[in-house]
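# Reading the structure
Each chain, letter by letter, is given below.
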Amino acid sequence: MKKASMHKTNVIWFLLPAIFGMLFVHFIPILWGIYISFLDLDLYTIASPWTAPFVGFGNYVQIFTSGMDVGTKFIRSLWNVIFFGIITVPAGYIIGLAVALLLNQKFVGRNLVRGLVLLPYITPDSVCYNVWRFIFQARIGLVNKILMDLNLIKEPLIWLVGERGIYAVMVASIWKGWPFASLILLAGLQSIPHELYEAARIDGANKWQQFINITFPMLLPISGTLLLLSSIWNFHAFNQFYVMLSSDPGAGADVPSTLILREAFSNLHYGLGSAMSTVLMAIIMIMTVISIKARREEVH
Amino acid sequence: MTFKTRQTINQILVYLGVFVVLVAVLGPYMWMVSGSFKDNLEVQASDVTKKGLEPSWIPRKIIFDNYRDVNKTVRILDYFKNSIIISVGTMFTSIVISILAGYGLSRFRFKGKNLFTVAVLSTQMFPGIAFLIPYFILFSFFNRNLGIPLKDTYLGMIITYTSFALPFCILMLRNFLDSVPFEIDEQAQIDGCTKTGALFRVIIPLSTPGIAAVGIYSFIMAWNEILFASVLTGRETKPVSMGLLEYITAQASRWAQMMAACIVVSIPVLILFTAMQKQIVEGLVSGATKG
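Residues numbered from 1 in each chain as written. Chains lettered and ligands numbered in written order. Predicted model: local features only at pLDDT ≥ 70, side-chain atom pairs only at ≥ 80, totals over all residues.

Counting its secondary structure elements, chain A contains 13 helices and 0 strands. Secondary structure elements of chain A occur, N-terminal to C-terminal, as α-α-α-α-α-α-α-α-α-α-α-α-α. At 24 Å, chain A has a C-alpha radius of gyration far larger than the 19 Å of a compact globule built from 300 residues. With the C-alpha coordinates aligned to their principal axes, the bounding extent of chain A is approximately 80 × 75 × 35 Å. Residue burial in chain A is summarised as follows: out of 300 residues, 39% are buried. Considering only contacts in chain A between residues 6 or more positions apart, those separated by 24 or more positions represent 65%. (Helix = DSSP H or I, 4+ residues; strand = E, 2+ residues; numbered from the N terminus. Rg over C-alpha atoms; globule rule 2.2 N^0.38 Å. Buried ≥ 20, exposed ≤ 12 C-beta atoms within 10 Å, placed from the backbone. Contact = placed C-beta atoms within 7 Å.)

Across its full length, chain B holds 14 helices and 0 strands. Along chain B, helices and strands appear, N-terminal first, in the series α-α-α-α-α-α-α-α-α-α-α-α-α-α. The C-alpha radius of gyration computed for chain B amounts to 24 Å, which surpasses the reference 19 Å derived for 291 residues by more than 25%, pointing to a less compact arrangement than a globule. Seen along its three principal axes, the alpha-carbon backbone of chain B occupies a region of about 80 × 80 × 35 Å. Looking at chain B as a whole, 44% of its 291 residues are labelled buried. Put simply, 76% of the contacts in chain B that link residues at least 6 apart link residues at least 24 apart.

All names here are of chain A. Here Asn-151, not a glycine, exhibits a phi torsion of approximately 60°, which is positive. Look at Leu-268: it is not a glycine, yet its phi comes out positive at around 60°. The residue Leu-268 is located in the loop between helix H12 (256-265) and helix H13 (270-299) in this model.

The biggest cluster of nonpolar side chains holds 86 residues, and the ones touching the most others in it are A:Val131, A:Phe241, A:Met244, A:Met276, B:Ala261 and B:Cys262. With 10 residues, helix H6 (residues 128-146) of chain B is the largest single contributor of residues to this core. Counting the residues that make up this core, at least three belong to each of domain 1 (3-66) and domain 2 (69-290) of chain B. In this structure, B:Ile86, B:Leu171, B:Tyr217 and B:Ile220 belong to the second largest nonpolar core, which totals 65 residues. (Core = buried A, V, L, I, M, F, W, Y, C linked by C-beta atoms within 7 Å. Domains from an automatic or database assignment.)

The predicted model of chain A averages 86 in pLDDT, with 95% of residues at 70 or higher. Throughout residues 1-8 of chain A the model reports pLDDT below 50, and contacts reaching past four residues in sequence, or to other chains, amount to 4 contacts. (pLDDT = per-residue confidence, 0-100.)

This part takes up the domain arrangement of chain B. Residue and element names in this part refer to chain B. On domain assignment, one finds that chain B holds domain 1 (3-66) and domain 2 (69-290). Computed over C-alpha atoms, the centres of domain 1 and domain 2 are 34 Å apart. Each partner contributes to the interface: domain 1 provides 11 residues, whereas domain 2 provides 11 residues. Counting only elements with at least two residues in the side of domain 1 that touches domain 2, the list comes to helix H1 (3-36), helix H2 (40-45) and helix H3 (65-68). Ranked by residues supplied to the side of domain 1 that touches domain 2, first place goes to H1 with 4 residues. Here the side of domain 1 that touches domain 2 is composed, by residue class, of 3 nonpolar, 5 polar and 3 charged. (Nonpolar A, V, L, I, M, F, W, Y, C, P; charged D, E, K, R; others polar.)

Take the confidence of the model for chain B next. Of the residues in chain B, 98% reach a pLDDT of 70 or more, and the chain-wide mean stands at 86. This complex was scored by the predictor with a pTM of 0.88 and an ipTM of 0.87.

Attention shifts here to helix H8 (residues 165-190) of chain A. Residues and elements named next belong to chain A. The terminal C-alpha atoms of H8 lie 38 Å apart, and with 26 residues this matches the ideal 38 Å at 1.5 Å per residue to within 8%. At Gly-177, H8 shows its largest kink, close to 30°, and the proline Pro-179 lies no more than four residues downstream. With respect to burial, H8 is a largely interior element, 19 of its 26 residues being buried. (Expected span 1.5 Å × (residues − 1). Bend = angle between axes of the 7 residues up to and from the residue.)

All names here are of chain A. Relative to each other, H8 and helix H10 (residues 207-236) sit at 160°, their axes nearing to 10 Å. With respect to H10, the element H8 is oriented roughly antiparallel. Of the two elements, H8 crosses H10, and the hand of that crossing is right-handed. Across the interface between the two elements, Ala-181, Ile-184, Leu-185 and Gly-188 of H8 pack against Leu-219, Ile-222 and Leu-226 of H10. (Axes fitted to C-alpha atoms, helices over the stretch in contact; angles between N-to-C directions. Parallel < 35°, antiparallel > 145°, perpendicular 65-115°, else oblique. Left-handed = near helix turned anticlockwise from the far one by under 90°.)

We now examine the interface of chain A and chain B. Residue-level contacts link 75 residues of chain A with 72 residues of chain B. When residues in the side of chain A that touches chain B are grouped by element, the largest group, 17 residues, is from helix H1 (residues 2-36) of chain A. Partitioned by chemical class, the residues of the side of chain A that touches chain B number 52 nonpolar, 19 polar and 4 charged.

Attention shifts here to the packing of helix H3 (residues 69-103) of chain A against H10(A). Residues and elements named next belong to chain A. Taken N-terminus to C-terminus, the directions of H3 and H10 make an angle of 145°; their axes are 10 Å apart at the nearest point. Seen along the crossing, H3 lies across H10 with a hand that is right-handed. Residues Val-81, Phe-84, Gly-85, Thr-88, Val-89, Gly-92 and Tyr-93 of H3 pack against Leu-226, Leu-227, Ser-230, Ser-231, Asn-234 and Phe-235 of H10. Taken together, the residues of the contact of H3 with H10 break down into 7 nonpolar, 6 polar and no charged.

Below, the discussion takes up the environment of A:Leu229. All names here are of chain A. Its location among the elements puts Leu-229 in helix H10. Given 19 C-beta atoms within 10 Å, Leu-229 falls into the partly exposed group. Note: C-alpha distance between Leu-229 and Leu-31 (198 residues apart in sequence) is 23 Å.

With that settled, consider H1(B). All names here are of chain B. Taking 1.5 Å as the rise per residue, H1 with 34 residues should run 50 Å; its terminal C-alpha atoms sit 49 Å apart, in good agreement. Of all the bends found along H1, the most pronounced is centred on Leu-26 and spans about 40°, while Pro-28, a proline, follows it within four residues. Of all the residues in H1, the buried ones are Val-18, Val-21, Pro-28, Trp-31, Met-32, Gly-35 and Ser-36.

As structure tokens, this is what we get:
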């Protein structure tokens, strides 16, 4: 009894810095941001934010009215980021799984290769995406050079301006993203007991049957976590768009993060920007809750 | 087909696959390295449509000027210094706070422990952009009313980045500390250490690998960040991640110099990662699986 109470008095000192940090740097700003989303906060009212006019759901109405400039852009940006995720999340997972299976085989130099494939993951975003921006240049770029050498195109394609922008960013994102999936899945593969495969071989199962009946089911839980995390991070997507296409990627490749950045810090509509961030946050939260519920039901 | 031939074919396929993967991973790096040794004129004059002028893998003339002139048009060395200060600051604050919190979570049973863990986890779900506007307004507010400048200061950036690194650091260290046997604490306490004394004299020395991994994770996170840097830093504190963009302006594209700068900028991260690869990989894996 005495021991327990001693613990209670002590632990607070250990957690206090973290609690203090998270309260002031996470939770208060988030609540404050949600509050701002109900204000008409712009260049003129920013000097004293608490006297800015309260507009209720006015900002939310604006960002979902497709006739208005910001509404049209926001709806399009949501669609863009979903389309982006529908391609990059599964592609990253499938490539990651394929390479994890490959790196789980025995071959000479395996440890070196396992380290090398992590390079894209550890190289700073700014470096990776600047290099890809260089690679996707129309006249001097590697991609067009290869496509021309293979006779797939007659004229160099413009990648980084207009409708093709989002595809260029997808390629770069997949290239940067799959090593993480691979790393996690490889760890998952290594934790599968060898006895399962031995038993399957004795029963006469071939490689494909082993994959379908042992490997894949055993990887299912970690795959779920991985896909959930990458779907959430997908909505955070910013760096690749900002570096490769600038803060204004054009209608075809605008994502919520770049749109909010411009709306708040170029057009100085902080209220509208906050409303859009709040919607983005709500989408991510709903996704998380649904997938956690779905997984719980799977277990039962 | 005999067992032997099938195995040989299998082996060939594996090596073929490894080759394809390595080409896909290393290709862009080769292009970056080759670009960094080209004359910028060569890069700018190259043209995929003109025979003889196509951009090439091997520079027509290998020059080192890009590395020598890396600081000439863009103050990249200043930005490098800014990045070092911000990243090292973030590293130390994250380490201190996450040791304390990780130790608290690992060694104590208390009311609200689950709530605390969920709160830590949930902060990872929020998109960075959702914090940016409130931060900007709070930073302006502090500056105007309390006279504490945070925008475009090292302190402001360190606070910002520490808070984003913390959730992952805390959970990673908790997992690491969980693997340090509890008997060791008890032994230390029997030998006359207080709970806090045990932490500093016994637990921390035993957890150096975990602490190093946490430190490097937060260093790399701060080194790579772009979104907050694009709004909250300015002349005084601009980090390399933003500085790289300055090589390309409306007037001039200095791709060759930018590639050289890219290599210089990657070096600290690559060194740190290589030194601590095992710990970071273990940390990442357990972070994703146990998180």
